[in-house]
Every structure is written in structure tokens, then in C-alpha cells.
Amino acid sequence: MTRRDCIVSTQWLQDHLAEVVVLEVAFMPPTKAHYFTVGHIPGSHYRYWKDFCWHDAEREFAAPELLASRLAELGLSDSKLLVLVGDRVQFATYAYWTLHMAGLAAGARVLDGGRETWVGEGRELTLTATRPPAPGRVSWDVADTSSRVGRETVLATLASHDRILVDLRSPEEYRGERVAPLTAEFDHGAERAGRIPGARSLPHERLLSADGTFLPVDEVEARFAAVGASAEVDMIAYCRLSHRASLAWFLLTQLGDRDNVVVYDGSWTEWGNVVGVPIER
């Protein structure tokens, strides 16, 4: 797979539904999911993003073996493509990032625009449950977690100024007025509001077109350059839970040509709870 082969359009997916495994990676747990109450792409499967991407007991990414078994449960095999559909597109890029780090992304694609675009175009939805498939066999390549950094790297960056921090959260989160965006059911996620010192603001919505699809890479690059994060500058992206930050990583490194973008995994849910770290408002 080459860069830019990792997305598919809604029309492509509609034409190839019978040939691929479709997984809706969603923000809401099953009890609140539109997948079950409004409808889903025919034949697709549903997973709550944390249940799919994380270890069952630890706040840690699932190991390659565990992720491979979760994919095999969907009927995926090495000869089939997996299409990730974000219920909010950034949850698909987060899942893709997780698979990338585990050496499992070669057969994965992200639906451009996610569920929002599929529904907005009036494409088919069904409430018919997808039958459990026969398990497949999924192998993985060498794991590579170099696109992920922790708080110690961020703290070192504040001292060295050798990377720029870009905050993909909403303006109200960046200004320290809220911990969660206004779209959240309630304001939660950390003890303190604010931003990491020196971080530049670029709300993730500015990376998407009006219909929810990804902006062209040259436009994405221009928007990062406008906040001081041009292509030659090493960058750390963060948000509240790191799914919005994964959107930046995906666009710049998987659709674009950068190799100097990493994601602060803990993002604000960690930084806003750690005793003794600096914040700005």
C-alpha cells in the first residue's frame, strides 16, 4: 500500500460492499449508538472505539495479537480489505493509527467522510443485524509506535522548543473555558481546563470539508503552516482524547508526505489531571 491508498470514497464502498469487511468505529457505546437505532451500512459491524483499540483492563493500546484476533472475529483475513467507518470520521483515523502502530494497517482503509457523509448522501442504511461471520486469520507486520509520544516527551519539548505543539480541540477548550467541547453531553475529562504552554490552536473541523470529507492535502498543509506548523517543523498533535489529533497525523503522514508528526496519546485527559505540569489559559 502506498500513501493515499488508505482512503476510499462512499461510492467506492457502495460498489464493493460484498468484497470487504466494514467496521463502524463509533464514539458512543452500543446502548446509545445510531448504528442500532437509525441504521447502519449493510453488512457492517460495530465497535465502540475504546473496546476495539484498547486493552480490556489497562488504558493502553491492544497488542498486535489481540487486535488481530478482534479483526479475525469480524471475518477479516489477509486477503480482504477492512474499511473503517468513523461515527465522526476521526474515530476511524484513530483506529487506523492504532492498527498502524500494531503493524496491521496494510489492509485497512478509512471511509472518507465516515458515517456522516454516507448518511448525508442518502446512501442505504439497514436495521437488519449483520450475521456473525466465520472467523478469519489475520497476520501483522512489525509494530512501530514511533508516531506516539507520552507526557515526558511533551515536557522535554517545553524545555527544548525543538517541536511545535498543535492543539486540535475546539476554541472553547483551547481558551480554558471548558474541558470538553460544547458538543459533549456534559463538561468532563480532566480536573483542569486550559492548554499546554505554547500550543497553537487549529480546531480539527478546519481539516474537513462541509460534507465531512477530508480537505485536499495542500489545503491541510496551508492551514497548519498558518499556525506555524509548516512541513519542515517537527510537530506534536494533541486534543482531549487523541482521536482529533489522530486526524491530523493521518492527513499529514498517510495522505501527505510528512514523517515528522507524532500524537501525544494522553492528550488533555492526562495533562489536565497530572499534578505539577504547567498549563496556559
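Here is what the cut-offs are and how they apply
Residues numbered from 1 in each chain as written. Predicted model: local features only at pLDDT ≥ 70, side-chain atom pairs only at ≥ 80, totals over all residues. Heavy atoms only, no water. Helix = DSSP H or I, 4+ residues; strand = E, 2+ residues; numbered from the N terminus. Buried < 20%, exposed > 50% of the residue type's maximum accessible area, 1.4 Å probe, protein only. Contact = heavy atoms within 4.5 Å. Polar contact = N/O pair within 3.5 Å; in protein donor to acceptor, adjacent residues only side chain to side chain. Core = buried A, V, L, I, M, F, W, Y, C linked by side-chain atoms within 4.5 Å. Phe/Tyr/Trp six-rings, centres within 6.5 Å; stacked < 30°, edge-to-face > 60°. Lys NZ or Arg CZ within 6 Å of the ring centre and 35° of its normal. Pairing = 2+ DSSP bridges. Right-handed = clockwise from strand over helix to strand, strands pointing away. Axes fitted to C-alpha atoms, helices over the stretch in contact; angles between N-to-C directions. Salt bridge = Lys/Arg side-chain N within 4 Å of Asp/Glu carboxyl O.

(A) Focus on the environment of H40. Note that H40 resides in the loop between α2 (34–37) and β3 (45–48). Given a relative accessible area of 3%, H40 falls into the buried group. Setting aside residues up to four positions removed in sequence, H40 forms contacts with Y35, R115, E124, L125, T126, L127, T128 and T130. There is a polar contact of 3.1 Å between the side chain of H40 and the backbone oxygen of Y35.

(B) Up close: the environment of G276. Here G276 shows up in the segment after α11 (267–271). On the basis of relative accessible area, G276 is assigned to the exposed category, the value being 73%. Between the alpha carbons of G276 and T213 there is a distance of 39 Å; along the sequence they are 63 residues apart.

(C) Fine view of the nonpolar core. Counting residues in each nonpolar core, the largest one holds 60 residues, and the members touching the most others are L84, L99 and F224. In this view, F224 contacts V166, L202, L207, A229, S230, M235, A248, L252 and R258; residues no more than four positions away in its chain are not counted. Core analysis: the second largest hydrophobic core is formed by 16 residues, V149, I196, I236 and V277 among them.

(D) Main features of the packing of aromatic side chains. One pass over the structure, following the stated rule, counts 14 aromatic pairs. For the ring pair Y264 and W271, a centre distance of 6.2 Å and an interplane angle of 85° mean the geometry is edge-to-face. Among the aromatic residues, those joined into a ring-pair cluster are F27, W49, W54, F61, F91, Y94 and W97. Of note, R169 hangs over the ring of W268, and the distance from its end group to the ring centre comes to 4.8 Å. We note R195 situated over the ring of Y174; from NZ or CZ to the ring centre the distance is 4.5 Å.

(E) Representation of the pairing of strand β5 (residues 108–111) within the structure. Side chains of β5 alternate between two faces, with A108 and V110 and R109 and L111 buried alike. Bridge analysis of strand β1 (residues 7–8) against β5 gives two bridges, and the strand direction is parallel. Residue pairing across strands places V8 opposite L111, the latter belonging to β5. Two strands pair when backbone bridges link them, and strand β4 (residues 82–87) and β5 are joined in this way by three bridges, in the parallel orientation. Pairing of V83 across the sheet is with R109, part of β5. After leaving β4, the chain enters helix α5 (residues 90–101) and then returns to the sheet as β5, a path that is right-handed.

(F) Structural context of the sheet that holds strand β7 (residues 164–167). Across the sheet, five strands lie side by side as β6-β10-β9-β7-β8; this open sheet has parallel pairing. With partners counted over all chains shown, the strands left at the sheet margins are β6 (148–149) and β8 (200–201), one partner each. Summarising the sheet, strand β9 (residues 235–238) and strand β10 (residues 261–264) pair through three bridges and their orientation is parallel. Each residue of the ladder has a partner; that of M235, found in β10, is V261. Sitting on the sheet, helix α10 (residues 243–255) is in contact with β9 and β10, with an inclination near 170° to β10.

(G) How the structure looks around the pattern of salt bridges. Throughout the structure, instances matching the rule amount to twelve salt bridges. Among the ionic pairs, D56 bridges to R70, the shortest N-O distance being 2.8 Å. Here D56 is found in the loop between α3 (49–53) and α4 (64–73), whereas its partner R70 is found in helix α4, with 14 residues between them in sequence. Of the charged contacts, one joins R169 and D167 as a salt bridge, the two residues approaching to 2.7 Å between their closest N and O atoms. Given the relative accessible area of 0%, R169 is considered buried. Classification of D167 as buried rests on a relative accessible area of 0%. Salt bridges sharing common partners tie together R59, E60, R148 and D265.

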